[in-house]
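# Reading the structure
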Amino acid sequence: MTQQGAALQGYNNELVKCIEDLCMQKEELNKQIQQAEEEKNKLQHEIQVLNEELERVCENLAQKVASRNELDKILAETEAAYMKILDSSRTLLNVLKKEVGNLKHTPELKTN
C-alpha cells in the first residue's frame, strides 16, 4: 500500500505542477491580452483623430475648390468683357480714323 500511496503522491505532485504551469501561462496570456487591448484602444483613438483631421482637410479643400471655380468664372467673364471692350475700341478707332480721313478730303478743311 505504501507503494501505491507514493505513486498517488507522485501523480498528485505532477498534477499540481501542471496546474501551476497552466495558471502561469494564463497569467502571461492575460498580460499579453491587456497589452493588445491597450494598443488597440490607442490605435482606435489615433484613427478617430486622423479621421477628424481628414474630414477637416476635405472640407477646407472643398471650400478652396469652390472658391477657385468661382474665381475661374469671374475671370472668364471679365476676360470676355475686356475682349468686347477691345473690339469696341478698335471699331471706334477705325470709325474715327475714317471720319478724320473724310474730313481731310472736304474742301473747307484742306489747308494750302
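To start, this report covers the structure provided alongside it. (Residues numbered from 1 in each chain as written. Predicted model: local features only at pLDDT ≥ 70, side-chain atom pairs only at ≥ 80, totals over all residues. Heavy atoms only, no water.)

### Notes on the overall build of the protein
If you tally the helices and strands in the protein, you get 1 helix and 0 strands. For the protein, whose C-alpha radius of gyration is 47 Å, the value lies well above the compact-globule estimate of 13 Å for 112 residues. Of all 112 residues assigned to the protein, the portion counted as buried reaches 0%. Averaging the locations of the 15 positively and 20 negatively charged side chains of the protein gives two centres separated by 18 Å. (Helix = DSSP H or I, 4+ residues; strand = E, 2+ residues; numbered from the N terminus. Rg over C-alpha atoms; globule rule 2.2 N^0.38 Å. Buried < 20%, exposed > 50% of the residue type's maximum accessible area, 1.4 Å probe, protein only. Lys, Arg positive; Asp, Glu negative; His and termini not counted. Charge placed at Lys NZ, Arg CZ, Asp CG, Glu CD.)

### Here we look at a nonpolar patch on the surface
Side chains of Tyr82, Met83, Ile85 and Leu86 sit close together on the surface and give an oily, nonpolar patch of about 410 Å² of accessible area. Residue placement: Met83 occurs in helix H1 (residues 2–104). (Patch = residues over 30% accessible without salt bridge, like charges linked within 9 Å, V, L, I, M, F, W, Y side chains within 5 Å. Areas by Shrake-Rupley, 256 points an atom, 1.4 Å probe, with all protein chains shown as cover. Salt bridge = Lys/Arg side-chain N within 4 Å of Asp/Glu carboxyl O.)

### Details of the pattern of salt bridges
Counting across every chain of the model gives 2 salt bridges. Residue Lys17 pairs with Asp21 through a salt bridge whose shortest N-O separation is 3.2 Å. With a gap of 4 residues between them, Lys17 and Asp21 both fall in helix H1, about one helical turn apart. Residue Asp21 is classed as partly exposed on the basis of its relative accessible area of 30%. With a closest N to O distance of 2.6 Å, Arg90 and Asp87 form a salt bridge. Taken together, the residues span about one helical turn, with Arg90 and Asp87 both in helix H1 at a distance of 3 residues.

### What to know about the state of the cysteines
Scanning the model with the defined rule gives 0 disulfides in all. The structure places no disulfide on Cys18, whose sulfur is separated from the nearest cysteine sulfur, that of Cys23, by 11 Å. Among the residues examined, Cys23 registers a relative accessible area of 48% and is labelled partly exposed. (Disulfide = S-S within 2.5 Å.)

Take it as geometry only, folks, not as evidence of what the structure does.
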